[in-house]
Amino acid sequence: MAKKTARTQVRYERNDIEAVFKKSPVFFNRIQPVKIINISKQGIAIYSHQVLKPHNHLNITLCFRQGERFLLNGQVVHSFEQQSHSRRDEFVELFIDGVAEPIPLPFKYGIHFDQHYLPFRDYLIESGCKNGFEIQRRVFYRR
């Protein structure tokens, strides 16, 4: 029987980053808003209203409040239990014609970035330290 091993990752909880994604290939796919749960140099955990399957490829755009933008490619590696629309859902506000409209985000995913993006990694760490976002938590995954 295979022994289960624990894998540890440092994740940053940041509220100064906005994110959207498009499924790849990009034909007939729209930009989807997401809410970031936590982020690391290797991946991101998000809430979304889009149903995704494991191994779906995504183009993720991260926009930092300071103005920096990063376009990263990733793949769905974790799909957490599907929820029905409820009062416990996370929401994101979309501004349509100047009016804010709340969109429920009932699905939760873990996305692994396809490669190591060194400028993104450096900016994530440096901007977090400068802006007081050094709060970290460790997430343990069992294999």
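Throughout what follows, the structure given in this document is the object of discussion. (Residues numbered from 1 in each chain as written. Predicted model: local features only at pLDDT ≥ 70, side-chain atom pairs only at ≥ 80, totals over all residues. Heavy atoms only, no water.)

**Some remarks on the overall build of the protein chain**
Then, number 1: Looking only at helices and strands, one finds one helix and ten strands in the protein chain.
Then, number 2: Looking at the protein chain as a whole, 36% of its 143 residues are labelled buried.
Then, number 3: By element, 52% of the accessible surface of the protein chain is carried by carbon and sulfur atoms, the whole surface being about 9,700 Å². (Helix = DSSP H or I, 4+ residues; strand = E, 2+ residues; numbered from the N terminus. Buried < 20%, exposed > 50% of the residue type's maximum accessible area, 1.4 Å probe, protein only. Areas by Shrake-Rupley, 256 points an atom, 1.4 Å probe, with all protein chains shown as cover.)

**Overview of the packing of aromatic side chains**
Then, number 1: This structure, assessed with the given rule, holds six aromatic pairs.
Then, number 2: With centroids separated by 5.8 Å and ring planes inclined at 85°, the aromatic side chains of F64 and F70 adopt a geometry described as edge-to-face. Neither F64 nor F70 differs from the other in exposure class; each is buried.
Then, number 3: Taking 5.8 Å as the distance between ring centres and 45° as the angle between the ring planes, the aromatic pair formed by F70 and Y123 counts as tilted. In this pair, F70 is assigned in strand β6 (residues 69-79) and Y123 in helix α1 (residues 118-130), connecting sequence segments 53 residues apart.
Then, number 4: Of the residues examined, F70 reaches a relative accessible area of 13% and is grouped as buried. (Phe/Tyr/Trp six-rings, centres within 6.5 Å; stacked < 30°, edge-to-face > 60°.)

**Here we look at the environment of K53**
Then, number 1: Relative to the elements of secondary structure, K53 occurs in the loop between β4 (43-48) and β5 (57-64).
Then, number 2: Of the residues examined, K53 reaches a relative accessible area of 58% and is grouped as exposed.
Then, number 3: A sequence separation of 23 residues divides K53 from V76, and the C-alpha atoms of the two residues are 6.9 Å apart.

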